[in-house]
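Here is what each chain is made of, one letter per residue.
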Amino acid sequence: MANILISDFNYAEMPHGGSEVGNQMLVEDFNLDFIKSTDVTGFSHDDFYVISNISLMRPELVSQIKDYNYIIFECDYKILASRHPWRYPNSLIPKTERINYDLYKNAKAVFVKSTDHLNVYKLNDVEGNFINLRTNIWSESDLQLMEDLLEKNQTKNGLACVYNTPNWIKNSQGAYDYCKNNGLKFGFIQNGTDREGFLSEMAKYSSLVFFPIARETYCRIVVEAKCLGLDVITTRNYGVTLEDYFDLKGKDMINYLRMGNKMNMKKMRKFIPQ
């Protein structure tokens, strides 16, 4: 018997992706085998599956998952082809476009990242054993790294930072325009180094300007910014920004995540065979 996590990309391919970072932590903590969704050819009743992003999996295989043993570690919305319910008024998906409802109904558990994430499923009448983590998954090494960087960068550079990425959903242009229109001095942070390098660069700044186009399910980068002592200029209409702990900052945020992570890993251990 094997415990297998399935997702579109692995951590080595996308070390800055929020879902890939969380997936990697599950792989390490639960000793999971990782298989890319494009490499899946079938499933076994002898194995247990952790389903993450599967937008690249062949549709006929997605429809088979419901007959096997699995949980969903949800990073988006698999209930419509685009995975973007926010494109519709109030995120209400037309019934003619709803898909994969059985995938959720038959899962042993569906772990979602925030209350807003959960509410979108409720709004669209999705049945399932939903468990709200209210945060993402964090490794102790990640939390300790941010704690060390917070201590090292108590004096900030006085600049706002813009996340420079080609991912249109993150809306780098919108953040750039905000800084220009409001006379903010700013610089750019971008992928290109390892995770420690990326966080080390962000830790130097005084604030993060971030206006995602999508209704983010959680949004790891804004939490990382707050852990590193940055102010965050963003809209409060998605994922983590609507949680009651979002006003925490610095070590208070890190300690909250540390406590929450321990609780959430216990929740997941109840379902993943040991």
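Throughout this description, residue numbers start from 1 for each chain and increase along the sequence as written. Selection of residues for local features in this predicted model requires a pLDDT of at least 70, selection of side-chain atom pairs for listing and counting requires 80 or more, and totals for whole chains, interfaces and linings are taken over all residues. To get the side-chain values, all heavy atoms of the structure are used, and hydrogens and water are removed first.

### As for the overall build of the protein chain
Item 1. Secondary structure summary: the protein chain contains 9 helices and 10 strands in total.
Item 2. In this setup the radius of gyration rests on C-alpha atoms only. A globule is expected at 2.2 Å times the number of residues raised to 0.38. Against the 2.2 N^0.38 benchmark of 19 Å for 274 residues, the protein chain shows a C-alpha radius of gyration of 19 Å, consistent with a compact globule.
Item 3. Structurally, the protein chain occupies a C-alpha span of about 55 × 40 × 30 Å along its principal axes.
Item 4. Contacts were defined at the residue level, with two residues in contact if any of their heavy atoms lie within 4.5 Å. Restricting the contact set of the protein chain to residue pairs at least 6 apart, pairs at least 24 apart contribute 66%. Runs of H or I in DSSP of at least four residues are treated as helices and runs of E of at least two as strands, each being numbered from the N terminus.

### Re the pattern of salt bridges
Item 1. The term salt bridge refers to a side-chain nitrogen of Lys or Arg lying within 4 Å of a carboxyl oxygen of Asp or Glu. Applying the stated criterion across every chain, the model contains 18 salt bridges.
Item 2. Of the charged contacts, one joins Lys66 and Asp67 as a salt bridge, the two residues approaching to 3.4 Å between their closest N and O atoms.
Item 3. Residue classification places Lys66 among the partly exposed positions, given a relative accessible area of 30%.
Item 4. Overall, the relative accessible area of 47% leaves Asp67 in the partly exposed class.
Item 5. Linking Glu201 and Lys204 is a salt bridge whose minimum nitrogen-to-oxygen distance equals 3.2 Å.
Item 6. One salt-bridge network, in which partners are shared between bridges, spans Glu74, Asp76, Lys78 and Arg83. Throughout this description, buried means an accessible area under 20% of the type-specific maximum (1.4 Å probe, protein chains only), exposed means over 50%, and partly exposed covers the range between.

### Remarks on the packing of helix α1 (residues 18–30) against helix α9 (residues 251–269)
Item 1. Where α1 contacts α9, the axes come no closer than 12 Å and their chain directions differ by 65°. The pairing of α1 with α9 is recorded here as roughly perpendicular in orientation. The hand of the α1/α9 crossing is right-handed. For the pair formed by α1 and α9, the contact residues are Leu26, Asp29 and Phe30 on the first element and Met265, Met268 and Arg269 on the second.
Item 2. Broken down by class, the residue content of the contact of α1 with α9 amounts to 4 nonpolar, no polar and 2 charged. Helix axes are fitted only over the stretch in contact, all axes being lines through C-alpha atoms; the angle between N-to-C directions runs from 0 to 180 degrees. These descriptions rest on fixed angle ranges, namely under 35 degrees for roughly parallel, over 145 for roughly antiparallel, 65 to 115 for roughly perpendicular, and the rest for oblique. A crossing counts as left-handed when the near helix is turned anticlockwise from the far one by less than a right angle, and as right-handed when that turn is clockwise. Residue polarity is assigned by list, with Asp, Glu, Lys and Arg as charged and Ala, Val, Leu, Ile, Met, Phe, Trp, Tyr, Cys and Pro as nonpolar; anything else, Gly included, falls into the polar class.

### Re the sheet that holds strand β7 (residues 160–163)
Item 1. With respect to topology, 4 strands assemble into an open sheet ordered β8-β7-β9-β10, the strand pairing being parallel. Looking at strand neighbours, the two that pair on one side only are β8 (186–189) and β10 (231–234), the edges of this open sheet. Averaged over all adjacent pairs, the angle separating strand axes in this sheet is 30°, with direction ignored.
Item 2. In this scheme, strands are said to pair when DSSP sees at least two bridges between them. With 4 bridges connecting them, strand β9 (residues 207–210) and β10 associate as parallel partners. The partner of Val209 across the bridge, within β10, is Ile233.
Item 3. Docked against the sheet, helix α8 (residues 220–227) engages β7, β8, β9 and β10, running at close to 165° with respect to β9.

### Overview of the pairing of strand β4 (residues 70–73)
Item 1. Every second residue of β4 is oriented toward a common face, with Tyr70 and Ile72 on one face and Ile71 and Phe73 on the other, all of them buried.
Item 2. Both strand β3 (residues 48–51) and β4 contribute to a ladder of 3 bridges, which runs parallel. Within β4, the position partnered with Tyr49 by the bridge is Tyr70.
Item 3. Here β4 runs beside strand β5 (residues 110–112); their pairing, made up of 2 bridges, is parallel.

### Structural notes on the sheet that holds strand β1 (residues 3–7)
Item 1. Pairing in this open sheet of 6 strands is parallel, and the strands run β2-β1-β3-β4-β5-β6 from one edge to the other. Of all the strands in the sheet, just β2 (33–36) and β6 (130–132) have a single pairing partner and so form its edges. The average angle at which neighbouring strand axes cross in this sheet is 25°, direction not considered.

### What about the side chain of Asp8?
Item 1. Here Asp8 is to be found in the loop between β1 and α1.
Item 2. Here the positive residues are Lys and Arg and the negative ones are Asp and Glu; neither His nor the chain ends is included. No salt bridge is formed by the buried Asp8; the nearest opposite charge belongs to Arg83, separated by 5.2 Å.
Item 3. Throughout this description, a polar contact denotes any pair of N or O atoms lying within 3.5 Å of each other; where both atoms belong to protein, one of them has to be capable of donating a hydrogen while the other can accept it, and for residues adjacent in sequence the pair is counted only when both atoms sit in side chains. Polar contacts involving the side chain of Asp8 include one to the side chain of Ser55, which spans 2.6 Å.
Item 4. Here Leu56 takes part through its backbone nitrogen, which lies 3.1 Å from a polar atom of the side chain of Asp8.
Item 5. With residues near it in sequence (within four places) discarded, Asp8 still touches Lys36, Ser37, Asn53, Ile54, Ser55, Leu56 and Met57.

### Some remarks on the layout of surface pockets
Item 1. In this structure, the largest pocket occupies an estimated 1000 Å³ of space.
Item 2. Gly18, Ser19, Asn167, Lys170 and Glu216 are, among the 38 residues lining the largest pocket, the residues nearest its centre.
Item 3. Those elements giving two or more residues to the lining of the largest pocket turn out to be α1, α7 (195–202) and α8.
Item 4. When grouped by side-chain class, the residues that make up the lining of the largest pocket number 15 nonpolar, 12 polar and 11 charged.
Item 5. For the second largest pocket, the calculated volume is near 200 Å³.
Item 6. Lining the second largest pocket are Ile54, Ser55, Met57, Pro59, Val62, Asp76, Lys78, Leu80, Ala81, Arg83, Ile99 and Asn100. Cavity: a set of points on a 1 Å grid over the protein atoms alone where a 1.4 Å probe fits but cannot get out. Pocket: an open set with protein on both sides within 12 Å along at least five of seven lines, its lining residues, like those of a cavity, having an atom within 4 Å of a point. Grid points are joined across faces, edges and corners, and a volume is the space filled by probe spheres set on the points.

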